[in-house]
Structures are given as structure tokens and as C-alpha cells.
Amino acid sequence: ADDYVLEAIRARFSAGIENNGRAWAIEIIAKDSQSNPNRAAEVASELILDDEVDIIVAAATPDTVNPVSDQAEINDVPWITTDCPWQPYFFGRGGNPAEGFRSTYHFFWGLEDIIPQFVAMWNGLETNKSVGGLFPNDGDGNVWGDTTVGFPPALTAAGYTLTDPGRYENLNQDFTAQIAAFKAAKAEIITGVVIPPDFPTFWKQAKQQGFVPKAASIGKALLFPESIQALGKDGIGLSSEVWWSPNHPYSSSLTGTSAKELADAYTASSGAQWTQPIGFAHALFEVAIATLVAAGSTDKTAIRDAIKTMKIDTIVGTVDFTTGPVPNVAKTALCGGQWREADTPTGYDLVIVDNSLNPGVPTGGTIEPITA
């Protein structure tokens with residue numbers, strides 16, 4: 001999906017932009033982090049030192065956005081990232097809410113959004129409010145499972161009981177210990193932030209061992225329709241947060257394209273089903289171009305100052321860096337979705353079943369319990 005967005009943005013700005021009475025050429029240099037923190041830092045350094053870029057954008061998990069943001073901060077290069085909850089981005093980099101960072105900015109939702117969103121979906125089911133947590137030993141898992149800022153205190157405050165068996169390593173092949181802990185706690189809900197290869201392993205082993213909760217709301221692993229397709233019928237009823245969808249009532253500040261038009265155009269071009277990161281990849285360039293226009297030059301201080309005061313309506317909603325919750329961070333809103341069978345390229349679709357945190361987005365149904 002990134003390649004599709006990059007191609008469209010390059011085409012849109014092939015003639016450059018007019019700003020302050022001058023014509024500016026726009027060159028986009030793409031680098032692949034390969035989801036490796038060391039590689040991410042390496043290519044960020046190449047962009048800064050070899051390519052001498054004016055502004056950098058990046059998207060993905062903390063394994064990508066954190067090391068590249070650190071490189072930009074060290075070299076004082078303006079940087080905008082997304083697709084990572086703001087706590088792993090901010091606190092994972094040692095951020096101080098009283099000071100913030102100098103050159104690096106981020107927009108996305110936070111744990112204070114996804115936790116109540118999951119709870120809102122679960123409240124639509126009859127359960128014993130016993131929750132099992134799957135938190136890996138990585139940037140996301142360590143913050144999601146944190147006893148101060150993560151799921152444990154928030155679920156307790158919401159009246160739920162969390163069973164956390166501890167951190168496991170990504171690409172785990174045996175979830176027997178976690179499943180046994182959840183069964184012992186009589187957990188009727190599962191949550192966590194699991195990489196796509198790991199959740200099918202856990203879910204198949206859980207079913208084999210006779211453990212089928214009423215709800216499984218998982219971040220990261222359930223974002224993509226291909227992940228549900230790999231599970232087949234066992235994927236029906238799984239739930240996830242929804243950052244962006246064709247039903248979101250937003251349009252691009254660059255092209256005027258609606259969320260639905262962008263999703264449909266992607267499917268028509270690729271034959272593949274829409275995915276949530278498409279909208280945020282596009283929005284990155286909306287924010288970057290608006291920043292360059294507001295700065296009026298390629299002076300890094302001017303660009304950095306323009307990001308700091310940026311407020312713009314994008315295809316993922318309003319991005320406003322003036323409101324926090326901490327310096328350098330702008331928040332976007334969430335909905336809750338559940339995977340259902342549908343007439344789509346993969347045979348499944350993510351239906352919005354709760355919009356309590358983003359009422360402007362229409363729902364397509366209500367949450368239903370998972371059946372064995």
C-alpha cells in the first residue's frame with residue numbers, strides 16, 4: 001500500500017508546488033526499514049547525511065519510528081511519523097512531557113483511546129469481565145502491558161480483571177503457558193498487541209486446547225484482511241481498533257479525494273482489499289506538504305516551527321499539534337471493528353461496530369460474541 005500512496009503523491013506533485021511566488025520541485029526518496037531498528041536508523045542516517053533531505057516522514061511500529069526519530073533529533077532534521085500509539089513513540093524514546101523533542105513530531109492515537117474503545121465493545125457483550133493479556137517483549141508490548149500507563153490500571157478502573165502471564169518473545173511457536181493461564185482465570189476476553197505471524201499460532205493452539213473466549217480484541221495482528229483470510233472461518237468475530245476506513249467522513253487536503261474514493265482507487269489499481277495504513281500514509285504527505293507551504297522555505301527552523309503550530313483537516317481527520325496530550329504529538333480518533341464474512345477480495349471485511357469515541361463515523365452493526 002505504501003508504494004501505491006507514494007506513486008500517487010509523486011504524480012500529484014510532478015510539476016512541483018507554487019509557494020511565496022516561487023516554484024518548488026518536490027522530490028520523494030523512499031527507503032525501506034525492513035521492520036528492523038538497526039536498518040531503520042541506518043536508512044534515516046542516509047537520508048539525512050547523504051541525501052540531505054529537508055523533511056522526513058515515516059510510518060510503522062516503534063521498531064521503525066523510534067530509531068529514525070532519534071536520528072532526526074540528533075541531526076536536527078524535521079521529522080513527522082505515524083502508525084504507532086504515541087506512548088511507545090514518546091516514552092519509548094525517553095520523552096519528557098515538560099520539554100518534548102526539538103525536531104520530531106508524531107500523530108496517531110494513544111493507549112488512553114484504544115483501551116476505552118476495546119472496553120466499549122466488550123460492554124456490548126455479556127461476560128465475566130475476566131481478560132487475558134498477550135503482550136510481547138517489544139516496544140509496543142512493554143508499554144501496553146505497563147502497570148502505570150498501560151492496560152493493567154485502565155482495565156482495573158473499568159471494572160475488568162486482567163491476567164498477564166508476562167512478556168513473550170515475538171515469533172513464539174508455543175503459547176501453551178499463556179493459554180493455561182487464561183483458562184485458569186476463566187478469561188472470556190483476550191486482548192493485546194500481537195505481530196501478524198504470532199496471532200494465528202496462538203489462536204489455533206487456543207482452539208486446539210479448548211479455549212475460545214467470547215471476544216478477542218487484538219491490536220496490530222488483526223489490521224489486515226489477509227490475516228483473517230489465513231485463519232478462514234476461525235477469523236470471524238475477531239475484533240480490532242479501527243483507525244481509518246472507507247466509511248470515515250474525511251477527504252484529502254491535497255486531492256479532495258474522500259476516504260471511500262481512496263480505498264476504492266487502491267483496490268481498483270491493485271486488486272487488493274483496502275487496509276487501514278493507506279489513509280495514514282496519505283495523511284503523512286498532507287501534513288508534510290502543508291508544513292512546507294506554511295514554512296515558506298526549506299529552512300529547517302521554519303519547517304520545525306510550522307509543524308509545531310500545524311492544524312489541518314486530512315483524510316484521517318483533524319491533525320492538530322497545538323493540543324497535545326504531550327509536546328510533539330497530535331491525536332487521531334478511533335472506532336471499534338469486528339471481522340465478518342463479506343463480498344470482498346479476501347472474503348472478509350472489518351465492520352465498524354462501535355463509534356462511541358468517533359460518532360461521526362457510521363456503524364455497520366453491533367458486536368457479536370465469538371462462537372466455537
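Every chain's residues receive numbers from 1 upward, in the order its sequence appears when written. Local features in this predicted model are restricted to residues whose pLDDT is 70 or higher, and side-chain atom pairs enter the listing and the counts only when it is 80 or higher, whereas totals over whole chains, interfaces and linings include all residues. Here the side-chain values reflect all heavy atoms present in the structure, with hydrogen atoms and water set aside.

Q: Explain the overall build of the protein chain to me, using residue names and the numbers behind them.
A: Runs of H or I in DSSP of at least four residues are treated as helices and runs of E of at least two as strands, each being numbered from the N terminus. If you tally the helices and strands in the protein chain, you get 13 helices and 15 strands. We compute the radius of gyration over the C-alpha atoms and compare it with the globule rule, which gives 2.2 Å times the number of residues raised to the power 0.38. Computed over its C-alpha atoms, the radius of gyration of the protein chain comes to 21 Å, within 12% of the 21 Å expected for a compact globule of 372 residues. With the principal axes as the frame, the protein chain shows a C-alpha extent of 65 × 45 × 35 Å. When accessible area is computed with a 1.4 Å probe and restricted to protein chains, residues below 20% of their type maximum are described as buried, those above 50% as exposed, and intermediate ones as partly exposed. Across the 372 residues of the protein chain, 54% fall into the buried class. Long-range contacts, defined here as pairs at least 24 residues apart, represent 68% of the contacts in the protein chain between residues at least 6 apart. For the protein chain, the exposed area adds up to about 15000 Å²; of that, 48% sits on carbon and sulfur atoms. Two residue types count as positive, namely Lys and Arg, and two as negative, namely Asp and Glu; His and chain ends fall outside the count. Charged side chains are reduced to one point each, which is NZ for Lys, CZ for Arg, CG for Asp and CD for Glu. Here the protein chain contributes 23 positively and 44 negatively charged side chains, and the mean placements of these two sets differ by 4 Å. In what follows, a contact means two residues having at least one pair of non-hydrogen atoms within 4.5 Å. All accessible-area figures derive from a Shrake-Rupley calculation using a 1.4 Å probe, and residue coverage is judged against the displayed protein chains alone.

Q: Please provide a residue-by-residue account of the layout of surface pockets, values included.
A: Of the grid points, spaced at 1 Å and generated over the protein atoms alone, those admitting a 1.4 Å probe that cannot get out make up cavities, while open sets with protein on both sides within 12 Å along at least five of seven lines make up pockets; any residue with an atom within 4 Å of a point is treated as lining. Grid points are joined across faces, edges and corners, and a volume is the space filled by probe spheres set on the points. Volume-wise, the second largest pocket comes out at about 250 Å³. What lines the second largest pocket is a set of 14 residues, among which P246, A263, D264, W274 and D349 lie closest to the centre. Elements with a contribution of two residues or more to the lining of the second largest pocket: α11 (259–270) and β15 (348–354). Residue composition of the lining of the second largest pocket, grouped by class: six nonpolar, five polar and three charged. Here the term charged refers only to Asp, Glu, Lys and Arg, the term nonpolar to Ala, Val, Leu, Ile, Met, Phe, Trp, Tyr, Cys and Pro, and the term polar to all other amino acids, Gly among them.

Q: I'd like a description of helix α2 (residues 37–50), backed by residues and values.
A: Between the first and last C-alpha of α2 there are 19 Å, a value that for 14 residues agrees with the 20 Å anticipated at 1.5 Å per step. Along α2, the residues that are buried comprise A40, A41, V43, A44, L47 and I48. Packing partners of the buried residues in α2 comprise β3 (56–59), α3 (62–75) and β4 (79–82). Here a polar contact is recorded for every N or O atom pair within 3.5 Å, except that within protein the pair must consist of a potential hydrogen donor and a potential acceptor, and residues adjacent in sequence are included only if both atoms are side-chain atoms. The opening residue of α2, the one whose side-chain oxygen lies 2.8 Å from the backbone nitrogen of N38, is N36. A positive phi of about 50° marks E52, the residue just after α2. For a helix, the expected span equals 1.5 Å multiplied by the residue count minus one.

Q: Lay out the pairing of strand β6 (residues 130–134) in plain terms, naming residues and giving numbers.
A: For β6, the tally of buried residues reaches five of five residues, placing the bulk of the element in the interior. Burial along β6 is two-sided: the residues S130, G132 and L134 and V131 and G133 are all buried.

Q: Can you break down the pairing of strand β9 (residues 215–220) residue by residue, with the values?
A: Across the six residues that make up β9, a large majority, six, are buried. Note: two strands are recorded as paired if DSSP finds a minimum of 2 bridges between them. By the bridge criterion, six bridges tie strand β8 (residues 189–194) to β9 in an arrangement that is parallel. By the bridge assignment for β9, G192 is matched with I218.

Q: Residue-level account of the nonpolar core, with values.
A: Here is a general trend for soluble globular proteins: nonpolar side chains tend to be buried in one another's company. Among the nonpolar cores identified, the biggest contains 67 residues, and F107, I114, W122, W244 and F321 are the most heavily contacted of them. With twelve residues, the top contributor of residues to this core is helix α12 (residues 277–295). When neighbours within four sequence positions are excluded, F321 is seen to be in contact with Y105, H106, F107, V287, I307, K308, M310, N328, V329 and A330. Put simply, a nonpolar core is a bunch of buried Ala, Val, Leu, Ile, Met, Phe, Trp, Tyr and Cys residues held in one set by side-chain atoms that sit within 4.5 Å of each other.

Q: Provide a residue-level description of empty space enclosed by the protein, including the pertinent values.
A: According to the stated counting rule, one finds one cavity of 30 Å³ or more in the structure shown. Roughly 30 Å³ of volume is contained in the largest cavity. As for the largest cavity, its lining consists of L223, P225, Q273, W274, Q276, W339 and L350. In terms of residue class, the lining of the largest cavity is built from five nonpolar, two polar and no charged.

Q: Which residues make up the pattern of salt bridges, and what values do they have?
A: Any carboxyl oxygen of Asp or Glu that lies within 4 Å of a side-chain nitrogen of Lys or Arg is treated as forming a salt bridge with it. As enumerated under the stated definition, the model contains 13 salt bridges in all. With a shortest N-O distance of 3.7 Å, K214 and E188 are connected by a salt bridge. Of this pair, K214 sits in the loop between α9 (198–208) and β9 while E188 sits in the loop between α8 (176–184) and β8, and the two are 26 residues apart along the sequence. The exposure class assigned to K214 is partly exposed, which follows from its relative accessible area of 32%. Between D234 and K207 there is a salt bridge, with its nearest N and O atoms 3.2 Å apart. With D234 in the loop between α10 (225–231) and β10 (239–242) and K207 in helix α9, the pair connects residues that are 27 residues apart, well separated along the chain. On the basis of relative accessible area, K207 is assigned to the partly exposed category, the value being 23%. Residues participating in the shared-partner salt-bridge network are D76, R102 and R304.

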